Amino acid sequence: MHFLLALQFLTIIPINIPGEIDERDLAKSQVYYPLIGAGLGLILWGVFFILHDIFPKNVVSTILVMLLVFITGGLHLDGLADTLDALGSRKSREKMLEIMKDSRLGTMGAVGIMSILILKMEFLSCLPRSLSAPALILMPIMGRWSIALPALLFSYARPEEGKGKFYIEGANFKVFSVSTGIALTLILLVMFSLKGIFLLLIVGLVAILLGKYLNSRLGGLTGDTLGFIIEVEEVITLSLLFLFLR
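Scoring rules and cut-offs
- Residues numbered from 1 in each chain as written.
- Predicted model: local features only at pLDDT ≥ 70, side-chain atom pairs only at ≥ 80, totals over all residues.
- Heavy atoms only, no water.
- Helix = DSSP H or I, 4+ residues; strand = E, 2+ residues; numbered from the N terminus.
- Rg over C-alpha atoms; globule rule 2.2 N^0.38 Å.
- Buried < 20%, exposed > 50% of the residue type's maximum accessible area, 1.4 Å probe, protein only.
- 1 Å grid on protein atoms, 1.4 Å probe; cavity = no way out; pocket = protein on both sides within 12 Å on 5 of 7 lines; lining within 4 Å.
- Points joined across faces, edges and corners; volume = space filled by probe spheres on them.
- Nonpolar A, V, L, I, M, F, W, Y, C, P; charged D, E, K, R; others polar.
- Core = buried A, V, L, I, M, F, W, Y, C linked by side-chain atoms within 4.5 Å.
- Contact = heavy atoms within 4.5 Å.
- Axes fitted to C-alpha atoms, helices over the stretch in contact; angles between N-to-C directions.
- Parallel < 35°, antiparallel > 145°, perpendicular 65-115°, else oblique.

Draft legend 1. Focus on the overall build of the protein. Scanning the protein from N- to C-terminus turns up 13 helices and zero strands. Traced from its N-terminal end to its C-terminal end, the protein shows the element sequence α-α-α-α-α-α-α-α-α-α-α-α-α. Radius of gyration (C-alpha) of the protein: 17 Å, near the 18 Å computed for a compact globule of 246 residues. Expressed along its principal axes, the backbone C-alpha trace of the protein runs to roughly 50 × 40 × 35 Å. For the protein, the proportion of its 246 residues judged to be buried stands at 51%.

Here you go:
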């Protein structure tokens, strides 16, 4: 059931989960986030395998990035935009948290979405073909694993309930450990190299720094900030692969 909960939350795939679901189940479903990321990556790689000899590389990269947005329902991009709109307002914590609940897209949010999408497309276009499979598979794995550590270390920012409350407050060391073990196993299977451990450590460090910054500005984390972290970490993953493996 926890795997299905993760699949339901992170994708638009219609999942019917029978029975009652409580906050502990939602928190435990985070264990499977790296596996969901691996599934998304395999879909992207499959589409790349079909299209890479048909269209130019930059066109294929654009299709892949748009496909990832479609499969995830733009969930994390929405969090990215809301977080940037709030931080860009330079207002009080209470006002920033209020801005994040506003469904309207602001200037900073729009710029953030465009920047993240362009960076992903450019990195995928610049990577050699031999690294396309590792990049497409590792990008969503690392992005979804990366929120496990901030959720463990920092508290929920809002006094009232929100979509990220149960995931953040329910995070514990066991959930983090199992999620990390799954992520590390997947990384080593994809990379066949100890560089995978280095990749995990850097992504984890960036996640802590992002969480610390968001905590200092907002007084904690929210569901939107988790989406922000996922999107940033996907770009961090691609940049590290470009720097160290090309």
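Draft legend 2. Structural view of empty space enclosed by the protein. Going through the model one piece at a time under the given rule, you end up with four cavities of 30 Å³ or more. Space inside the largest cavity adds up to approximately 150 Å³. Mapped onto the lining of the largest cavity, the elements with two or more residues apiece are α1 (2-10), α5 (75-89) and α13 (223-245). With five residues, α13 is the single largest residue contributor to the lining of the largest cavity. Looking at the lining of the largest cavity, its residues break down into eight nonpolar, five polar and two charged.

Draft legend 3. The nonpolar core, seen in detail. The biggest cluster of nonpolar side chains holds 71 residues, and the ones touching the most others in it are L80, M142, W145, L199, L214, F228 and L238. Discounting chain neighbours no more than four positions away, the residues touching L199 are L138, M142, M191, T237 and L240.

Draft legend 4. Quick look at the packing of helix α8 (residues 132-145) against helix α11 (residues 173-191). The geometry of α8 relative to α11 is characterised by a closest axis approach of 10 Å and an angle of 170° between their N-to-C directions. By the angle between their directions, the pair α8 and α11 is classed as roughly antiparallel. When α8 is examined against α11, the residues P134, I137, L138, I141, M142 and W145 are found in contact with a partner set consisting of F176, S179, T180, A183, L186, I187, V190 and M191. Here the residues of the contact of α8 with α11 are counted per class, giving 12 nonpolar, two polar and no charged.

Draft legend 5. Structural detail: the side chain of D82. Tracing the backbone through its elements, the reader meets D82 in helix α5. Take D82: its relative accessible area is 8%, and that puts it in the buried class. Sequence-distant contacts of D82, that is, excluding residues within four places in its chain, are made with M100, D102 and D224.

Draft legend 6. Representation of the environment of L105 within the structure. In this fold, L105 is placed in the loop between α6 (93-100) and α7 (107-126). Since its relative accessible area comes to 54%, L105 is described here as exposed. In this structure, the C-alpha to C-alpha distance between L105 and S130, residues 25 residues apart in sequence, is 38 Å. Residues within four places of L105 in sequence aside, it is in contact with A81, D85, A110 and I113.

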